[in-house]
Amino acid sequence: MNNLFQAERIDGKGFAANLVERLAADVRSIKTDTGLTPGLAVVLIGEDVASGVYVGAKHRQTQAAGMNSFVHKLPAETTQVELMALLAKLNSDAVVNGILVQLPLPAHLDANAVINAIDPDKDVDGFHILNAGRLATGQDALVPCTPLGCLMMLKNRLGDLTGLNAVVVGKSNIVGKPMAQLLMGESCTVTVTHSKTRNVAELCRTADILVVAVGRPELVKGDWIKPGAVVIDVGINRIMRDGQSRLVGDVAFSEAGHAAAITPVPGGVGPMTIACLLANTLTAFRRQHPLHTNQTIAG
Ligand code: GUN
């Protein structure tokens with residue numbers, strides 16, 4: 001990094017902390033007004049270490065925001081029928097407002113069938129086919145947490161996004177596709193690139209907003225970035241550099257000094273994901289109790 005690095009570092013960690021503070025205040029008023037406590041159920045199947053760490057963080061932050069957290073840890077051999085039975089129970093449990101099944105699932109389980117067995121109005125991941133359809137058609141959806149967090153940071157930095165050129169690198173169901181839908185919803189002109197795109201660097205250079213979510217360390221080089229662009233780096237990749245283990249994004253951060261702003265890794269998009277999970281849980285609670293509460297931060 002040199003002295004010419006002028007890009008603002010977007011403080012996702014601070015943004016997330018501020019969002020969680022506001023959500024916790026909302027939870028306190030909901031409790032006072034209704035006597036009810038919003039609740040999130042998280043289902044973890046198997047022993048995947050990274051998934052265990054994520055679920056632990058979700059549990060702690062849900063409780064810290066004043067909500068109920070119900071963690072269901074099931075063995076790796078859990079059958080599809082057993083998992084469906086648990087989801088049916090959670091779907092009909094009134095104290096559970098949000099349900100999340102941690103991915104990836106063990107290979108013998110059908111992830112699409114599992115996701116689509118969650119009540120769409122409790123689907124705080126926004127992965128259910130009905131929420132994907134609602135988002136695509138501009139109806140009230142529960143929106144996947146990571147792209148929702150990216151959009152919040154973009155609007156905070158840029159205000160009105162109307163007419164801006166946005167390029168989304170990566171077409172996953174979890175980030176790329178819903179990100180593109182959200183940006184279209186803000187009247188951006190959206191291009192989605194992926195591993196088979198022929199002129200990806202050239203397309204990226206047209207972007208006023210560049211969102212990168214591919215899981216490839218430092219794929220996006222400095223000369224892919226238009227001067228003055230706002231860059232959102234969703235990647236979190238562990239690499240070895242100079243004999244040390246380091247986290248890097250999908251963007252070569254040190255080459256991005258001519259951007260107007262960029263999210264660092266770590267401390268950018270990552271902290272926003274759990275904050276938006278809590279926001280979605282509150283949105284789901286409010287839609288399930290429309291007579292009691294009508295404010296909303298995320299929905
Ligand atoms: N595994 C990695 N990211 C996610 C996520 O956002 N939601 C779920 N359910 N599983 C994940």
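Our structure is the block above this text.
What you are looking at is a predicted structure, and each value in this text was computed from that prediction instead of being measured.

As for the overall build of the protein
From N to C terminus, the protein includes nine helices and eleven strands. Evaluated residue by residue, the protein yields a buried proportion of 48% over its 299 residues. By sequence separation, contacts in the protein at least 24 residues apart represent 68% of the contacts at least 6 residues apart. Here the protein contributes 26 positive and 26 negative side-chain charges, whose respective centroids are spaced 2 Å apart.

A look at the sheet that holds strand 2 (residues 39-45)
Strand order in this open sheet of three strands is 3-2-4, and the pairing throughout is parallel. Of all strands in the sheet, those bounded by a partner on one side alone are strand 3 (68-74) and strand 4 (98-101). Between one strand and the next, the sheet's axes are offset by a mean angle of 15°, whatever the strand orientation. Pairing of strand 2 with strand 3 involves seven bridges; the strand directions are parallel. For Leu 44, the partnering residue across the bridge sits in strand 3 and is Lys 73. Packed on one face of the sheet, helix 2 (residues 49-64) meets strand 2, strand 3 and strand 4 and runs near 160° to strand 3. The strands touched by helix 3 (residues 80-91) within the sheet are strand 2, strand 3 and strand 4, with strand 2 carrying the most contacts at an inclination of about 175°.

Let's talk about the state of the cysteines
Inspection of the entire model under this criterion finds zero disulfides. Left without a disulfide partner, Cys 188 is nearest to the cysteine sulfur of Cys 150, which lies 13 Å away. With relative accessibility at 8%, the residue Cys 188 sits in the buried group. As a non-bridged cysteine, Cys 204 has Cys 150 as the owner of its nearest cysteine sulfur, 15 Å distant.

Brief notes about the pairing of strand 6 (residues 189-193)
Here five bridges tie strand 5 (residues 165-169) to strand 6, and the two strands are oriented parallel to one another. In the sheet register, Ala 166 faces strand 6, and the bridge partner there is Val 190. In this region the chain leaves strand 5, passes through helix 7 (residues 176-185) and returns to the parallel neighbour strand 6; the handedness of that crossover is right-handed.

So, helix 2
For helix 2, spanning 16 residues, the distance from its first C-alpha to its last is 23 Å, which sits close to the expected 22 Å at 1.5 Å a residue. The residue sitting at the N-terminus of helix 2 and contributing the capping side-chain oxygen is Asp 48; that oxygen lies 3.5 Å from the backbone nitrogen of Ala 50. Just downstream of helix 2, Gly 66 is the residue with a positive phi angle, here 90°.

Points about the site of the ligand
Close contacts around the ligand come from Leu 100, Val 101, Gln 102, Leu 103, Asp 125 and Phe 127, and that covers them all. Note that a nitrogen atom of the ligand is positioned 2.8 Å from one of the backbone N or O atoms of Val 101. Residue Gln 102 places a side-chain N or O atom 3.2 Å away from a nitrogen atom belonging to the ligand. Computed on the free molecule, the ligand has an accessible area of 280 Å², of which 78% lies beneath the protein chains in the complex. Of the residues belonging to the shell around the ligand, the class tally is four nonpolar, one polar and one charged.

Examining the side chain of Arg 286
For Arg 286, the location among the structural elements is in helix 9 (residues 270-288). There is a polar contact of 3.2 Å between the side chain of Arg 286 and the side chain of Asp 26.

Some thoughts on the packing of aromatic side chains
Applying the stated criterion to the full structure yields one aromatic pair. Measuring from ring centre to ring centre gives 5.2 Å for Phe 5 and Phe 253, while their planes differ by 25°; the resulting arrangement is stacked. On the criterion of sequence distance, the pair formed by Phe 5 in the segment before strand 1 (8-9) and Phe 253 in the loop between strand 10 (244-248) and strand 11 (261-262) is long-range, its members being 248 residues apart.

A closer look at helix 1 (residues 12-34)
The end-to-end C-alpha distance of helix 1 is 32 Å, a good match for the 33 Å that 23 residues give at a rise of 1.5 Å each. Listed as buried for helix 1 are Gly 12, Phe 15, Ala 16, Leu 19, Val 20, Leu 23, Ala 24, Asp 26, Val 27, Ile 30 and Thr 34. Phi turns positive, to about 75°, at Gly 35, one or two residues after helix 1.

Some remarks on the packing of helix 2 against helix 9
For the pair helix 2 and helix 9, interaxial distance at closest approach is 10 Å and the crossing angle is 55°. By the angle class used here, helix 2 and helix 9 are oblique. Where helix 2 crosses over helix 9, the two elements pack in a sense that is right-handed. Where helix 2 approaches helix 9, its residues Ala 57, Lys 58, Gln 61 and Thr 62 are matched on the opposing element by Ile 274, Leu 277 and Leu 278. Across the contact of helix 2 with helix 9, the residue classes break down as four nonpolar, two polar and one charged.

About the cut-offs
Residues numbered from 1 in each chain as written. Predicted model: local features only at pLDDT ≥ 70, side-chain atom pairs only at ≥ 80, totals over all residues. Heavy atoms only, no water. Helix = DSSP H or I, 4+ residues; strand = E, 2+ residues; numbered from the N terminus. Buried < 20%, exposed > 50% of the residue type's maximum accessible area, 1.4 Å probe, protein only. Contact = heavy atoms within 4.5 Å. Lys, Arg positive; Asp, Glu negative; His and termini not counted. Charge placed at Lys NZ, Arg CZ, Asp CG, Glu CD. Pairing = 2+ DSSP bridges. Axes fitted to C-alpha atoms, helices over the stretch in contact; angles between N-to-C directions. Disulfide = S-S within 2.5 Å. Right-handed = clockwise from strand over helix to strand, strands pointing away. Expected span 1.5 Å × (residues − 1). Polar contact = N/O pair within 3.5 Å; in protein donor to acceptor, adjacent residues only side chain to side chain. Near = heavy atom within 4 Å. Areas by Shrake-Rupley, 256 points an atom, 1.4 Å probe, with all protein chains shown as cover. Nonpolar A, V, L, I, M, F, W, Y, C, P; charged D, E, K, R; others polar. Phe/Tyr/Trp six-rings, centres within 6.5 Å; stacked < 30°, edge-to-face > 60°. Parallel < 35°, antiparallel > 145°, perpendicular 65-115°, else oblique. Left-handed = near helix turned anticlockwise from the far one by under 90°.

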